[in-house]
Amino acid sequence: MSKVYQEAAAALDGLLRDGMTIMAGGFGLCGIPENLLAVVAKSGVRDLTVISNNAGIDGKGLGVLMEGRQIRKMIASYIGENKCFEQMYLKGEVQVEFTPQGTLAERCRAGGSGIPAFYTATGAGTPLAEGKQTATFDGRDYILERALTADLALVKAWKGDALGNLRYRKTARNFNPAMAMGGTITIAEVEEMVPVGAMDCDDVHTPGIFVQRLIKGTDYEKAIENLTTREA
């Protein structure tokens, strides 16, 4: 059965439902699955738990789902660029589980590797440790962090083939590989679809075994969060 779908709506057909958990790859607005997120927003599904490094910005990326009041809970490391999210949080309209960035990446990777939990020194002795199991190893305190998995993982890659093998480019490699591992179903959108065998095995960042569906994305905006230019 082919993993390749003609468009994002077809790839997501039959998978979206209220209350599900979605992992969304990307770092800021770099490497986000624009086509797939647009379909999720248009579908109107609600009460979502979304796992992502950040929540996009107003009107871009996950920010569109936030404005549509589709997200019930965010598990993220940073939300500082989204004014809508800030107001929803202050009003109690959305739940937030803050996780240090490296810990978030490892929670996703661990989930995809079948590791249910792990100890980390990050956050030990801070409010992040409240309610979590702690232990001491070699005189240093650690907290137990649970792995993360999702019903659906949406990722963006630079290149992909019909088997689902993926290669990311530069900053877009942040979080996408780990989240591609953590979904019960993983859908990838790629900028370039290449023939099977065109990528050397050493150039494959996500093996196709983790990817169930993929599309060739179109019309990428690749928005910039904060455009800074040098004064003339």
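Residues numbered from 1 in each chain as written. Predicted model: local features only at pLDDT ≥ 70, side-chain atom pairs only at ≥ 80, totals over all residues. Heavy atoms only, no water.

Notes on unusual backbone geometry
Alright, step 1. With a phi close to 55°, Arg69 is a non-glycine residue in the positive phi region.
Alright, step 2. Relative to the helices and strands, Arg69 is located in the loop between α3 (62-67) and β3 (71-76).
Alright, step 3. Under the relative-accessibility criterion, Arg69 is labelled partly exposed at 38%.
Alright, step 4. For Lys170, which is not glycine, the phi dihedral falls at a positive 55°.
Alright, step 5. Locating Lys170 in the fold gives a position in the loop between β9 (166-167) and α6 (176-182).
Alright, step 6. Here Lys170 falls in the exposed class, since its relative accessible area comes to 66%. (Helix = DSSP H or I, 4+ residues; strand = E, 2+ residues; numbered from the N terminus. Buried < 20%, exposed > 50% of the residue type's maximum accessible area, 1.4 Å probe, protein only.)

Thoughts on the pattern of salt bridges
Alright, step 1. Inspection of every chain in the model, using the stated rule, returns ten salt bridges.
Alright, step 2. When the shortest N-O distance is used, the salt bridge between Glu221 and Lys60 registers 2.5 Å. Note that Glu221 is positioned in the segment after β11 (213-216) and Lys60 in the loop between β2 (48-51) and α3, a separation of 161 residues in sequence.
Alright, step 3. Beyond isolated ion pairs, a larger network of salt bridges with shared partners links Lys73, Glu97 and Arg107. (Salt bridge = Lys/Arg side-chain N within 4 Å of Asp/Glu carboxyl O.)

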